[in-house]
Amino acid sequence: MTSMERQLPRTEPEVTDPDPRPRPRAVLAMAKKTAEQVLDAGVRARLAALTDIDPHLVLDDLTTPTAHRALADAELLITGWGCPPIDAAALDAAPRLRAVVHTAGTVRHHITPACWERGLAVSSAAAANAVPVAEYTLAMILLANKRILETARVYRTERRRIDWNERHPDAGNYRKTVGILSASIIGRRVINLLRPHDLTVLLHDPYVTPSEARTLGAHPVPLPDLFEQSDVVSVHTPLLPETRGMVGRDLLARLRTGGTLINTARGAVVDQAALTDEVVSGRLHAILDVTEPEVLPADSPLFDCPNVLVTPHIAGSKGGELRRLADLALAEVESYALGRPFAHPVRPEHLARLA
């Protein structure tokens, strides 16, 4: 071979071993609006590269002839907010279905007992959705202890120089105590975000051992002590039959005067009538991203309470944060396509403790 021949590029393609694993047949199942918001063109293109999918077909009803045709050979369902329940009838229409990747948090609304009986592998983007909720919570804890919200409100009303140290001698975050109710995915992330701050962090979670709590960065305490010793209590408990209304009058009465309750979990975990009485009296403050009902009546006193901030369930993924959900789901779809286990599995034995 001459030197000129050695410099010429090879024109024949390199021979590589073909991937013996066929792309799994996948179907999207969620509200069409969800698909528009969470799955942009780049995400759908990536799904099409990883799976055999029609990226423009979105099922929001699993009972139609169109749905049955799509489900007939589906191996993987990619679900999101607005996905109908995957019940026995839906599974009958999907005899090859083996796995579900959920592009949001809780799977309680669509994964039915029939799915576990089938032995489906289920994954959720709850870990991705926990990020903005924890960030919201951290911000609200720091603002609550600093008395920023009420100070801004008073300043806007009075519009004059005020001795804020005299008005709020206890304001600030230095050596304050924050109570975390439940070491959920979000609760654990909040504890981690609180590490750099000069705060004492308490934790109550009956499923967490004292040594595990200390490893997380919190001091384990009984539930009454969590409220008695905290300046701010942040609720991260899933809504289960045994947790409905668990933050009731007795616990709220234990929270020190001027203390703040933050709820980003589920509105029904807190006895809202009891909380309303406490904040209307002016004794407690509250920051509520969730309420019971989800949208408060227009005449609710919580809207006009100067010591209450109500936000419309926005702590979770919004706007550009939705891409984080899609990216986690894409990684799980890729794992499934390659025959690897999910990194974020949901297991039936953990359902009693999950949101």
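Since this is a predicted model, take the numbers as computed values, not measurements. (Residues numbered from 1 in each chain as written. Predicted model: local features only at pLDDT ≥ 70, side-chain atom pairs only at ≥ 80, totals over all residues. Heavy atoms only, no water.)

K.L.:
For this particular structure, what's the right way to read the pairing of strand β4 (residues 99-102)?
P.N.:
Side-chain direction in a regular strand flips from residue to residue, so the side chains alternate between the two faces of the sheet. Burial of the side chains of β4 extends over both faces: A99 and V101 are buried on one face and V100 and H102 on the other. Two elements, strand β3 (residues 76-79) and β4, share 4 bridges in a ladder whose sense is parallel. In the sheet register, T79 faces β4, and the bridge partner there is H102. Where β4 lies against strand β5 (residues 121-124), 4 bridges are found, and the strand directions are parallel. Note that in β5 the partner of V101 across the bridge is S123. In terms of handedness, the path from β4 via helix α6 (residues 113-118) over to β5 forms a crossover that is right-handed. (Buried < 20%, exposed > 50% of the residue type's maximum accessible area, 1.4 Å probe, protein only. Helix = DSSP H or I, 4+ residues; strand = E, 2+ residues; numbered from the N terminus. Pairing = 2+ DSSP bridges. Right-handed = clockwise from strand over helix to strand, strands pointing away.)

K.L.:
Explanation requested: helix α10 (residues 185-194) in the structure shown.
P.N.:
One full turn of an α-helix is made of 3.6 residues, so residues set three or four places apart face in the same direction. All of the buried residues along α10 are G187, V190, I191 and L194. For α10, the angular spread of the buried residues around the axis is 100°, confining them to a single face. (Arc of directions from axis to C-beta.)

K.L.:
Before we go on, may I ask you to explain the UniProt feature "domain: D-isomer specific 2-hydroxyacid dehydrogenase catalytic" (unreviewed entry) in the chain in this structure?
P.N.:
When the UniProt feature table is mapped onto this chain, "domain: D-isomer specific 2-hydroxyacid dehydrogenase catalytic" (unreviewed entry) is found at residues 60-346. Across residues 60-346 one finds 38% helix and 15% strand; the C-alpha atoms that close the span lie 22 Å apart. (UniProt positions renumbered as here; feature names shortened; annotations may be inferred.)

K.L.:
Hey, could you run me through unusual backbone geometry in this one?
P.N.:
Most peptide bonds adopt trans geometry, and most residues besides glycine take a negative phi value. With an omega of 5°, the peptide bond between E292 and P293 qualifies as cis. One can find P293 in the loop between β11 (285-288) and β12 (308-310). Phi at S182 is positive, roughly 95°, even though this residue is not glycine. Position of S182 among the secondary structure elements: in the loop between β6 (176-181) and α10.

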